[in-house]
Amino acid sequence: MDRAMAALFRKNFSRCDVVYSPWQLCEDMKREHGIIITYKQGLTGCKLGIEAVRGSPDESYQHLVSYSYMLVKHSPGTKTTIETDTKGGFLYYFFALGVSLHGFKTCCRPAFAVDGTYLSGERKGTLLLTIGYDANEKMYPIAFGIVDSENGDSCLRFMQKLFDALGREYSMNEDLVVCSDRLKSFESAIAEKTPDNPFSGLHTVTADGMVLWP
């Protein structure tokens, strides 16, 4: 039943401009076929429909290598890294577009913020990101990473790849300012990646926006 619904409305899952929701699938089944289904059935049908068009979450990880290759090929200066565990399973992913790195180093002040947000997909995990500010005080994306959580090892790996992408001159820049949300894992990682720069300004920012000096 669920796979039949997914096949009937496959075209709706192929669209990129709108999201075809379980409630819409329920309404379409009732209107077009006179069949009443529950929201749970609609949710399962949508999941199968999306997988039929885009592949499963597990399959998508298999495209990371070719995706990274195309990023580097078509955007010179792009940095990507895929790390796996001892069994070959996905562990960490880091990428920074070449155009973003070039723009940050040439048009932005030597200051950026690091933070993470939880992913709600089937495999969960955490998205780590680095954001700077351009000359118009607008947020400027620099680099992104996919990790298991904001722990010491993942934050250290992320900061290591970030400074590798930016270049050693950034870890030695006396005017460097790195902002975080006072997460100990990030603070330790930042301190470890800038050991030769005693002048770097490590600022921590509280939830209410107050800047605390170390």
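Conventions adopted
Residues numbered from 1 in each chain as written. Predicted model: local features only at pLDDT ≥ 70, side-chain atom pairs only at ≥ 80, totals over all residues. Heavy atoms only, no water. Patch = residues over 30% accessible without salt bridge, like charges linked within 9 Å, V, L, I, M, F, W, Y side chains within 5 Å. Areas by Shrake-Rupley, 256 points an atom, 1.4 Å probe, with all protein chains shown as cover. Salt bridge = Lys/Arg side-chain N within 4 Å of Asp/Glu carboxyl O. Helix = DSSP H or I, 4+ residues; strand = E, 2+ residues; numbered from the N terminus. Buried < 20%, exposed > 50% of the residue type's maximum accessible area, 1.4 Å probe, protein only. Pairing = 2+ DSSP bridges.

Moving on, we come to a nonpolar patch on the surface. Together, Trp23, Tyr39 and Leu43 line one region of the surface with nonpolar side chains, adding up to about 340 Å² of accessible area. Structurally, Leu43 can be placed in helix H4 (residues 39-54). Classification of Leu43 by relative accessible area gives partly exposed; the value is 45%.

A few words now on the pattern of salt bridges. A full pass over the atoms with the stated rule returns five salt bridges. One salt bridge connects Arg157 with Glu83, and the closest N-O pair in it is separated by 2.2 Å. Of this pair, Arg157 sits in helix H8 (residues 152-166) while Glu83 is found in strand E1 (residues 79-84), placing the two residues 74 residues apart along the sequence. Glu83 gets classed as buried once you look at its relative accessible area, which sits at 18%. The salt bridge involving Glu137 is made with Arg109; its shortest N-O contact spans 3.3 Å. Taken together, the residues span a long stretch of sequence, with Glu137 in the loop between strand E4 (126-133) and strand E5 (139-147) and Arg109 in the loop between helix H7 (98-107) and strand E3 (111-118) at a distance of 28 residues. Via salt bridges that share partners, Asp28, Arg31 and Glu32 belong to a single interconnected network.

Let us now look at the pairing of E5. Strand direction decides the pairing type here: strand E2 (residues 90-96) and E5, joined by three bridges, are antiparallel. When the sheet's bridge partners are listed, Tyr93 is paired in E5 with Ile146. Bridge count for E4 against E5 is eight bridges, and the pairing is antiparallel. Counterpart to Gly132 in the pairing with E5 is Tyr140. Hairpin connection from E4 to E5: five residues lie between these consecutive antiparallel strands, with Glu137 at a positive phi of about 60°.

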